[in-house]
Amino acid sequence: MSYPKRTAALASAAVLAGSVVVLVAPAARADVVDVDYQCKTPIGDKSAVSPIDIKGVKSGGGYKITMSWQKGVSSSPVELGKGAMNPSATIRLGGADSGTLTVSGPANQAAIPANTPIKISDLSGTYTPKKSGKVTFTAGVLTIKALGTTTTCTPSNDPKPSLTLDVTAAGGSSGSSGSSGSSAGSAPSGGDSAGQLPQTGPEDSAIALGTLGGTVLLAGLAGALWVTRRNQPVRR
């Protein structure tokens, strides 16, 4: 095989190697999931379906988990003035961990008219892994406190997880599902995760994997150029 053809073959192999790396499964997967809430309110039962989005961002030794509602749930027979409504929710943990994570958020920033679906602001909390592995995050009970009353909304359709994270616990411990590992809203604990790239969600995971694939490609091209140059006859 001539030197130019050998160089082209090695470069093609490097490109294929980079492609294989990019196709590796991401460390996080997020889905928008429709949740059918059945709400117990002071004026009777109500129901509403809202798409739920849960995202995770690496933060120190844990993850900042944010839960978002794309549609309003429940309603009030009277106007709720600014700051009158305080929401919180639980997220069920599964996979390598179990238990619940509590998330909370600010009170309503604007008045909510009477008989209008209540739009929940983004709720967040800190999750600290206690065991390594894939952990799922599924919408749990939503609690709305307003004007001295409490409304609870419970998922009735057994929703699937909105987020799956491949996490590493402090010290790299591993274990199977069934362990207790919940973390309250703003009380992170434990040290930094060892030996893990920052994992924020499927988009950032893809970027990290793409960077790794590019590194493999550059290494392959460098090897091809070195072999070509090494085999060239010395000019006199």
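Residues numbered from 1 in each chain as written. Predicted model: local features only at pLDDT ≥ 70, side-chain atom pairs only at ≥ 80, totals over all residues. Heavy atoms only, no water.

Structurally, the position occupied by Ile52 is in strand S3 (residues 44-59). Taking C-alpha positions, Ile52 is 5.2 Å from Val33, a pair spaced 19 residues apart along the chain. When residues no more than four places from it in sequence are discounted, the contact partners of Ile52 are Asp31, Val32, Val33, Val35, Tyr37, Met67, Ser68, Trp69, Ala139 and Ser162. (Helix = DSSP H or I, 4+ residues; strand = E, 2+ residues; numbered from the N terminus. Contact = heavy atoms within 4.5 Å.)

What follows covers the packing of aromatic side chains. What the rule picks out here adds up to one aromatic pair. Here the guanidinium or amino end of Lys58 rests over the ring plane of Tyr63, the centre of that ring lying 5.4 Å away. (Phe/Tyr/Trp six-rings, centres within 6.5 Å; stacked < 30°, edge-to-face > 60°. Lys NZ or Arg CZ within 6 Å of the ring centre and 35° of its normal.)

This part is about the state of the cysteines. Going through the model one piece at a time under the given rule, you end up with one disulfide. Disulfide pairing is shown between Cys39 and Cys153; the S-S distance is 2.1 Å. Its S-S torsion of approximately 110° makes the covalent link between Cys39 and Cys153 right-handed. Note that Cys39 is positioned in strand S2 (residues 33-41) and Cys153 in strand S9 (residues 149-155), a separation of 114 residues in sequence. Owing to a relative accessible area of 1%, Cys39 belongs among the buried residues under this scheme. What makes Cys153 buried here is its relative accessible area of 0%. (Disulfide = S-S within 2.5 Å. Buried < 20%, exposed > 50% of the residue type's maximum accessible area, 1.4 Å probe, protein only.)

Once that is clear, we can look at the pattern of salt bridges. Taken as a whole, this structure holds four salt bridges when the rule is applied. Ionic pairing is found between Asp31 and Arg29, a salt bridge with its closest N-O pair at 3.7 Å. Assessed through its relative accessible area of 52%, Arg29 is described here as exposed. With a shortest N-O distance of 3.2 Å, Lys40 and Asp45 are connected by a salt bridge. (Salt bridge = Lys/Arg side-chain N within 4 Å of Asp/Glu carboxyl O.)

Among the structural elements, Pro42 can be located in the loop between S2 and S3. On the basis of relative accessibility, which here comes to 54%, the residue Pro42 falls in the exposed class. Along the backbone, Pro42 and Thr151 are 109 residues apart, and their C-alpha atoms lie at a distance of 7.0 Å.

With that settled, the discussion passes to unusual backbone geometry. Even without being glycine, Asn115 reaches a positive phi, approximately 55°. Along the chain, Asn115 falls in the loop between strand S6 (99-104) and strand S7 (123-127). Among the residues examined, Asn115 registers a relative accessible area of 59% and is labelled exposed. Non-glycine residue Asp158 carries a positive phi angle of around 45°.

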